[in-house]
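Given next are the chains, with one letter for each unit.
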Amino acid sequence: MWTGMTNVMMYLVRSIRQMVTHTKELDSAMTFLKRVTDETDTAYERMFDNATKKAKELNSSIKDIINTTAEFAKLGFSSEEAEKLAEATTVYARVGQLDMTDATESIVSTLSGFKDLSTDDIWKIVDEFDNVGNKFAISSGGIGEALKRSAASLSEANNSLEESIALVTTANSVVQDPEKVGRYCQR
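Fair warning: this is a prediction, and the values are worked out from it, not measured in the lab.

What counts and how
- Residues numbered from 1 in each chain as written.
- Predicted model: local features only at pLDDT ≥ 70, side-chain atom pairs only at ≥ 80, totals over all residues.
- Heavy atoms only, no water.
- 1 Å grid on protein atoms, 1.4 Å probe; cavity = no way out; pocket = protein on both sides within 12 Å on 5 of 7 lines; lining within 4 Å.
- Points joined across faces, edges and corners; volume = space filled by probe spheres on them.
- Helix = DSSP H or I, 4+ residues; strand = E, 2+ residues; numbered from the N terminus.
- Nonpolar A, V, L, I, M, F, W, Y, C, P; charged D, E, K, R; others polar.
- Salt bridge = Lys/Arg side-chain N within 4 Å of Asp/Glu carboxyl O.
- Buried < 20%, exposed > 50% of the residue type's maximum accessible area, 1.4 Å probe, protein only.
- Phe/Tyr/Trp six-rings, centres within 6.5 Å; stacked < 30°, edge-to-face > 60°.
- Patch = residues over 30% accessible without salt bridge, like charges linked within 9 Å, V, L, I, M, F, W, Y side chains within 5 Å.
- Areas by Shrake-Rupley, 256 points an atom, 1.4 Å probe, with all protein chains shown as cover.

Trainee: Requested: an account of the layout of surface pockets, with residues and values cited.
Mentor: By volume, the largest pocket is sized at about 160 Å³. In this structure, the largest pocket is lined by D64, N67, T68, E71, L75, M100, T101, T104, E105 and V108. Looking at the lining of the largest pocket, the elements that each hand over two or more residues are α3 (62–74) and α5 (100–113). Per-element tally for the lining of the largest pocket: the top contributor is α5, with five residues. Of the residues contributing to the lining of the largest pocket, the split by class is three nonpolar, four polar and three charged.

Now the structure itself:
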């Protein structure tokens, strides 16, 4: 009986510690978001509520979604665009089995490299990465990895997003290393 009570007490202590840790992480994420954006308190409440809903829908953490939103805002995207990009990046991270940092870098490089793409095309990018990753010998994360290094060069050579993905996919079928393919396509 004593052991059972001790286990219950230790579980409660661990739960309280985790709650404090998560609260600090969320506060830190919101502070970061407030540093890189200039919104009203009402807008921040709305953004937090949206992040909470999206985290539940996408089986992600609120902290990751808020931090990703802040990263996009820091890059000059509006708050609305940053929220949209954070949602798509979270989906991409899930399907590409990437961490949020790598997924964010891939999306930013692709958007920045292909000047004809805008934030309205974000789902097109994620869908293209996922579609090709499901059908060919490269993962959607691998496509993002290669384009992270070569999107600007491929776009400068007048390749569309689709042509660039095809080039990366074909080269990767031989090399089997998206990072090398990306570096090679960069030249």
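Additional details are given in the paragraphs that follow.
Trainee: Report on the pattern of salt bridges, specifying residues and quantitative values.
Mentor: For the coordinates displayed, the defined rule picks out 11 salt bridges. The closest approach of N and O atoms between K54 and E87, which form a salt bridge, is 3.3 Å. Taken together, the residues span a long stretch of sequence, with K54 in helix α2 (residues 41–58) and E87 in helix α4 (residues 79–96) at a distance of 33 residues. In the salt-bridge network here, residues are joined through shared partners; they are D102, E105, E145, K148, R149, E179 and R183.

Trainee: Give a description of unusual backbone geometry that names residues and reports values.
Mentor: Note: most peptide bonds trans; most residues except glycine with negative phi. Of note in the backbone geometry, N59 takes a positive phi value of approximately 55 degrees without being a glycine. Along the chain, N59 turns up in the loop between α2 and α3. Judged by its relative accessible area of 61%, N59 falls in the exposed class. In this structure, Q97 takes a positive phi of about 50 degrees despite not being glycine. You can call Q97 exposed: its relative accessible area is 74%.

Trainee: Help me get a handle on the packing of aromatic side chains, residues and values and all.
Mentor: How two aromatic rings sit relative to each other is set out by the distance from centre to centre and by the angle between their planes. The full count for this structure, using the stated rule, is two aromatic pairs. Arranged with centres 5.9 Å apart and planes meeting at 75 degrees, the rings of F72 and F77 form a pair that is edge-to-face. Judged by its relative accessible area of 0%, F72 falls in the buried class. A relative accessible area of 23% places F77 in the partly exposed class.

Trainee: Any chance you could break down a nonpolar patch on the surface for me, citing the residues and the numbers?
Mentor: On the surface, V8, M9, Y11 and L12 cluster together into a nonpolar patch covering about 420 Å² of accessible area. Mapped onto the secondary structure, L12 falls in helix α1 (residues 2–36). Of the residues examined, L12 reaches a relative accessible area of 43% and is grouped as partly exposed.

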